[in-house]
Amino acid sequence: SQKIEQNSEALNIQEGKTATLTCNYTNYSPAYLQWYRQDPGRGPVFLLLIRENEKEKRKERLKVTFDTTLKQSLFHITASQPADSATYLCALRPGDMRFGAGTRLTVKP
Amino acid sequence: GAGVSQSPSNKVTEKGKDVELRCDPISGHTALYWYRQRLGQGLEFLIYFQGNSAPDKSGLPSDRFSAERTGESVSTLTIQRTQQEDSAVYLCASSFSGTFPSGANVLTFGAGSRLTVL
């Protein structure tokens, strides 16, 4: 069955630095990989998706890469701000509708 | 509606009681999903409805859990004989899997129903 791993439960960085979160997967070849953001007490919110034939996708300060050989996606937030503090989740699509466990990012002023 | 609506937002019940949680998806979304999230934990997939196809119930943790969906509209998640371990936030999401682009299944989540079993 598919397996998704987000390598860090928590990541603490200083404001202004770049945050890099990792999503690894096994036993599947997704057509898309999605990233969501979840704030405490709220449902996840979709941020970006990247297709299997795309190496990189950008949206404002966010950048996602997708390496189908390594079976890995990296999610970068540049010039991080305390407001970026949240849990970030990845998901494979189409797939079994499961999400990674998430990485809790804390950006300290 | 404009978003996914879930009710109740908060439910406190006694162990052994049955509870029903409701989800009203975005109009036109053919797919509907239920997830459970325990405190400090990740999303746990429960069940998935896609149009008129048989639902994917592979995530339901026990036969105390069941869900129904009427056509492509409202869904109800029922938990019978609740246990303290059922305490969690139950999140519903919907997607229009036919576009953006086909198969991408971008999910829109509701705010969740927080269930506390005493």
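Cut-offs applied
Residues numbered from 1 in each chain as written. Chains lettered and ligands numbered in written order. Predicted model: local features only at pLDDT ≥ 70, side-chain atom pairs only at ≥ 80, totals over all residues. Heavy atoms only, no water. Helix = DSSP H or I, 4+ residues; strand = E, 2+ residues; numbered from the N terminus. Contact = heavy atoms within 4.5 Å. Buried < 20%, exposed > 50% of the residue type's maximum accessible area, 1.4 Å probe, protein only. Polar contact = N/O pair within 3.5 Å; in protein donor to acceptor, adjacent residues only side chain to side chain. Buried area = accessible area lost by both parts, 1.4 Å probe. Salt bridge = Lys/Arg side-chain N within 4 Å of Asp/Glu carboxyl O. Nonpolar A, V, L, I, M, F, W, Y, C, P; charged D, E, K, R; others polar.

Caption draft 1: Local environment of the side chain of B:R36. Within the secondary structure, B:R36 is located in strand β4 (residues 31-37). Those residues in contact with B:R36 that sit more than four places away from it in its chain are B:G42, B:L43, B:E44, B:L46, B:P61, B:F65, B:E85, B:D86, B:A88, B:V89 and B:Y90.

Caption draft 2: Focus on the environment of B:S75. Residue and element names in this part refer to chain B. The topology assignment puts S75 in strand β7 (residues 75-79). Relative accessible area serves as the criterion here: at 0%, S75 is assigned to the buried category. C-alpha of S75 to C-alpha of D24: the two residues are 51 residues apart in sequence and 6.6 Å apart in space. In this structure the side chain of S75 is engaged in a polar contact, spanning 2.9 Å, whose partner is the side chain of W34. Polar contacts involving the side chain of S75 include one to the main-chain carbonyl oxygen of E68, which spans 2.8 Å.

Caption draft 3: Just the interface of chain B and chain A, in detail. On the side of chain A, 18 residues touch chain B, which itself brings 21 residues to the contact. Buried surface at the junction of chain B and chain A, summed over both partners, amounts to about 1,500 Å²; 61% is from carbon and sulfur atoms. The interface formed by chain B and chain A includes 0 salt bridges. Joining chain B to chain A, the criterion identifies 2 residue pairs in polar contact (both at pLDDT 80 or more). Sorting the residues of the side of chain B that touches chain A by element identifies β4 and β5 (44-50) of chain B as the ones contributing at least two each. It is β4(B) that contributes the most residues to the side of chain B that touches chain A, 3 residues altogether. Taken together, the residues that form the side of chain B that touches chain A break down as 13 nonpolar, 8 polar and no charged.

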